[in-house]
Amino acid sequence: MKKIVFTTLLSLGLFASKAQSAIDIEEGKTVASNGIEYSYAITNERTEDTYSRYEVTIKAQNKSGCQLIYLKNDNITSIFDGDPSVIARFECLNATGKRLTSKGANLKARPFTIPYNQPEKTADGKTTYRAVRVQGGFLLKNGSSVSNDLIVIVPKGERPRFKINIQNFSELTTE
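Caption draft 1: Fine view of the pairing of strand 7 (residues 86-92). In terms of burial, strand 7 is largely enclosed, as five of its seven residues are buried. With five bridges connecting them, strand 7 and strand 8 (residues 104-108) associate as antiparallel partners. Within the sheet, the bridge partner assigned to E91 lies in strand 8 and is G104. Taken together, the five bridges between strand 7 and strand 12 (residues 162-166) define a ladder with antiparallel strand orientation. Bridge pairing in strand 12 links E91 to K163.

Structure follows, in structure tokens:
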């Protein structure tokens, strides 16, 4: 019985250590983490009888002074639906999700490719090489930014409130 309790507590502790805490982010302000600044802006708003509809742009900008490269590994698992390209997830706390609108959205680093000389055998048994481009991972260049647009519906009289989950790439695990 003690072994079961210890194993359960150990598993919960490991799970909690992998979980990432969400950070509150305010409209028009930035949150900085590992040289990346995260923000959101409301680009359009409309109020109806029972709800308010907002068009929102979420953004991440690399101000670290260097390029951030995340190497591609097919065995990497991520808390963001298994997608290792996700830098962060913005969640609207008071979004209703009605009328096919969002409750949150991801920001993703752009993929990059590297050249590779692929060996091929010819009919006479000789080896030749053909240059191909292979996806090497994901990249966020210094000074560049990524953004995403979403539409949220919140109760009338409220403004969207967001939390952000930031991917800690040093904690990605391989299985």
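Picking up after the structure, the text goes on.
Caption draft 2: Inspection of the packing of aromatic side chains at higher detail. All told, the structure shown has two aromatic pairs when counted by the stated rule. Taken together, a centroid distance of 6.4 Å and an interplanar angle of 70° make the contact between F90 and F162 edge-to-face. Remark: F162 occurs in strand 12 and F90 occurs in strand 7; sequence separation between them is 72 residues. Each member of the pair F90 and F162 is classed as buried. Chaining the aromatic ring pairs together yields one cluster made of Y40, F90 and F162.

Caption draft 3: Geometry of a nonpolar patch on the surface. On the surface, a cluster of nonpolar side chains totalling about 260 Å² of accessible area is made up of I114, Y116 and V134. Tracing the chain through its elements places Y116 in strand 9 (residues 110-121). Classification of Y116 as partly exposed rests on a relative accessible area of 44%.

Caption draft 4: Fine view of the sheet that holds strand 9. Taken in spatial order, the three strands of this open sheet run 5-10-9, and their pairing is antiparallel. Where the open sheet ends on each side, the last strands, each with one partner, are strand 5 (68-71) and strand 9. Strand-to-strand twist of the sheet, defined as the mean angle between neighbouring strand axes without regard to direction, takes the value 35°. Bridge count for strand 5 against strand 10 (residues 127-140) is four bridges, and the pairing is antiparallel. The partner of L71 across the bridge, within strand 10, is G137.

Caption draft 5: Molecular detail of the nonpolar core. Of all hydrophobic cores here, the largest spans 29 residues; its most connected members are Y38, V56 and F90. Among the elements of the structure, strand 3 (36-47), strand 4 (51-62), strand 5, strand 7, strand 8, strand 10, strand 11 (145-155) and strand 12 are those that each provide at least two residues to this core.

The rules behind each value
Residues numbered from 1 in each chain as written. Predicted model: local features only at pLDDT ≥ 70, side-chain atom pairs only at ≥ 80, totals over all residues. Heavy atoms only, no water. Buried < 20%, exposed > 50% of the residue type's maximum accessible area, 1.4 Å probe, protein only. Helix = DSSP H or I, 4+ residues; strand = E, 2+ residues; numbered from the N terminus. Pairing = 2+ DSSP bridges. Phe/Tyr/Trp six-rings, centres within 6.5 Å; stacked < 30°, edge-to-face > 60°. Patch = residues over 30% accessible without salt bridge, like charges linked within 9 Å, V, L, I, M, F, W, Y side chains within 5 Å. Areas by Shrake-Rupley, 256 points an atom, 1.4 Å probe, with all protein chains shown as cover. Salt bridge = Lys/Arg side-chain N within 4 Å of Asp/Glu carboxyl O. Axes fitted to C-alpha atoms, helices over the stretch in contact; angles between N-to-C directions. Core = buried A, V, L, I, M, F, W, Y, C linked by side-chain atoms within 4.5 Å.

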